[in-house]
Amino acid sequence: VANLTAQEIEFLLSDKDLVTSLSRRFRETSVPEEVSAKSMKDFKRGVSEFLDRGNAERALTPLMKVVQRDGSCIVCRTILGLAELDTGDWDGAETNFGAAVNTIKDNPALGRPEPLIAYGVMQGWRHQTSSSAGYLLEAIKFAPRDPLALQELGRTQVLLRNWEAAKLRLEQAIAAGAGPDARLLDVHALLGTDDCVAADKEMTQYLASRGSERLTARILQLQGEVKD
């Protein structure tokens, strides 16, 4: 990500938004079956520190102990990866998300979308847009109406200039309850298909959702393109 330009970074989902979006899904999670009796206390402590108290740093040690004992636990590796990402350890996060993805590949019956979304988004940060799209497509197989997976898949299609595919995925994301960012991406897709009327309508809805929040340079530029 250090090699990305400021404009590219603004276009991508931020690490903060990825952590926030995915970690909230685990706040009410029960202890996974893969967690051994010996790891139970560490799992509960790590989850409590990270998801209840918001202290990712203190969550790392107990969660790492769990993963060392019960490495096939997809939920454990995903939560640890999110905590690592929250503390700035992107390499550690990518390793754990990748390990969770490999476990899903080996046993699809255990599959869930979160590690695939996280790993896919991180591939996008590394300029691997096609690879990112592939992981996000896999995530959708497990959760066809996952708003974040659909939004991020739509983002990859915008970056690849596959406008029709982008529009389809972003419309699905919005229908599934995705946030304002999906509408902004949809403006890109609609402009790409030369549907300026729909793009203007989508931009109006996006701006209404932001209220008085200050507009970034990217949004102002896109707003100008819609009006041209």
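This text goes with the structure placed above it.
These figures come from a predicted structure and were not determined experimentally. (Residues numbered from 1 in each chain as written. Predicted model: local features only at pLDDT ≥ 70, side-chain atom pairs only at ≥ 80, totals over all residues. Heavy atoms only, no water.)

**Q** Report on the overall build of the protein chain, specifying residues and quantitative values.
**A** When helices and strands are tallied, the protein chain shows 13 helices and zero strands. Its helices and strands taken in sequence order, the protein chain reads α-α-α-α-α-α-α-α-α-α-α-α-α from the N to the C terminus. Taken against the 2.2 N^0.38 rule, which gives 17 Å for 228 residues, the C-alpha radius of gyration of the protein chain at 19 Å falls within 12% of a compact globule. Taken along its principal axes, the extent of the C-alpha atoms in the protein chain is 65 × 35 × 30 Å. Out of the 228 residues in the protein chain, the part that is buried amounts to 47%. For the protein chain, the share of sequence-separated contacts (at least 6 apart) that also reach a separation of at least 24 residues comes to 57%. One way to put it: in the protein chain the 28 positive side-chain charges average out to a point 5 Å from where the 33 negative ones average out. (Helix = DSSP H or I, 4+ residues; strand = E, 2+ residues; numbered from the N terminus. Rg over C-alpha atoms; globule rule 2.2 N^0.38 Å. Buried < 20%, exposed > 50% of the residue type's maximum accessible area, 1.4 Å probe, protein only. Contact = heavy atoms within 4.5 Å. Lys, Arg positive; Asp, Glu negative; His and termini not counted. Charge placed at Lys NZ, Arg CZ, Asp CG, Glu CD.)

**Q** Quick one: what's the story with unusual backbone geometry, residue by residue and with numbers?
**A** Its identity as a non-glycine residue notwithstanding, Arg161 has a phi of 65°, on the positive side. One non-glycine residue, Asp194, adopts positive backbone phi at about 65°. Its place among the elements puts Asp194 in the loop between α11 (180-192) and α12 (196-210). For Asp194, a relative accessible area of 65% translates into the label exposed.

**Q** Quick one: what's the story with the state of the cysteines, residue by residue and with numbers?
**A** Under the definition given, this model contains one disulfide. Through a disulfide, Cys73 is tied to Cys76; the S-S separation comes to 2.2 Å. Looking along the S-S bond of the Cys73-Cys76 disulfide, the torsion reads about 70°, which is the right-handed sense. Accessibility classification places Cys73 together with Cys76 in one group, the buried group. (Disulfide = S-S within 2.5 Å.)

**Q** Outline the pattern of salt bridges, supporting the account with residue identities and numerical values.
**A** In total, this model carries 13 salt bridges according to the counting rule given. Between Asp42 and Arg69 there is a salt bridge; the shortest N-O distance is 3.0 Å. Note that Asp42 is positioned in helix α3 (residues 40-52) and Arg69 in helix α4 (residues 56-69), a separation of 27 residues in sequence. The network of salt bridges with shared partners includes Arg25, Arg112, Glu114 and Asp146. (Salt bridge = Lys/Arg side-chain N within 4 Å of Asp/Glu carboxyl O.)

**Q** Mind laying out helix α13 (residues 217-227), listing which residues take part and the relevant values?
**A** Turning to α13, its buried residues are Arg218, Ile219, Leu222 and Val226. Considered in projection along α13, the buried side chains sweep an arc of 95° and stay on one side of the axis. Opposite the packed face of α13, turned more than 90 degrees from it, sit the exposed residues Ala217 and Lys227. (Arc of directions from axis to C-beta.)

**Q** Mind laying out the nonpolar core, listing which residues take part and the relevant values?
**A** Core analysis: the largest hydrophobic core is formed by 51 residues, its most contacted members being Leu18, Phe50, Ile79, Leu85, Phe97 and Ile117. It is helix α5 (residues 74-86) that provides the largest number of residues to this core, a total of eight residues. Beyond its immediate stretch of four places on either side in the chain, Leu85 contacts Asp15, Leu18, Val19, Trp90, Ala93, Phe97, Met122 and Trp125. If you look at the next biggest cluster of nonpolar residues, it comprises 10 residues, including Leu184, Leu191, Met203 and Ile219. (Core = buried A, V, L, I, M, F, W, Y, C linked by side-chain atoms within 4.5 Å.)

**Q** Before we move on, can you summarise helix α7 (residues 113-125) with the specific residues and values?
**A** For α7, built from 13 residues, the straight-helix expectation of 18 Å at 1.5 Å per residue is met to within 8% by its first-to-last C-alpha distance of 19 Å. His127 lies just past α7 and shows a positive phi near 70°. (Expected span 1.5 Å × (residues − 1).)

**Q** I'd like a description of the packing of helix α2 (residues 15-23) against α5, backed by residues and values.
**A** Where α2 contacts α5, the axes come no closer than 10 Å and their chain directions differ by 150°. As the angle between them shows, α2 and α5 are arranged roughly antiparallel. For α2 against α5, the interelement crossing comes out left-handed. Residues Asp15, Leu18, Val19, Leu22 and Ser23 of α2 lie in contact with α5, whose contacting residues are Leu82, Leu85 and Asp86. (Axes fitted to C-alpha atoms, helices over the stretch in contact; angles between N-to-C directions. Parallel < 35°, antiparallel > 145°, perpendicular 65-115°, else oblique. Left-handed = near helix turned anticlockwise from the far one by under 90°.)

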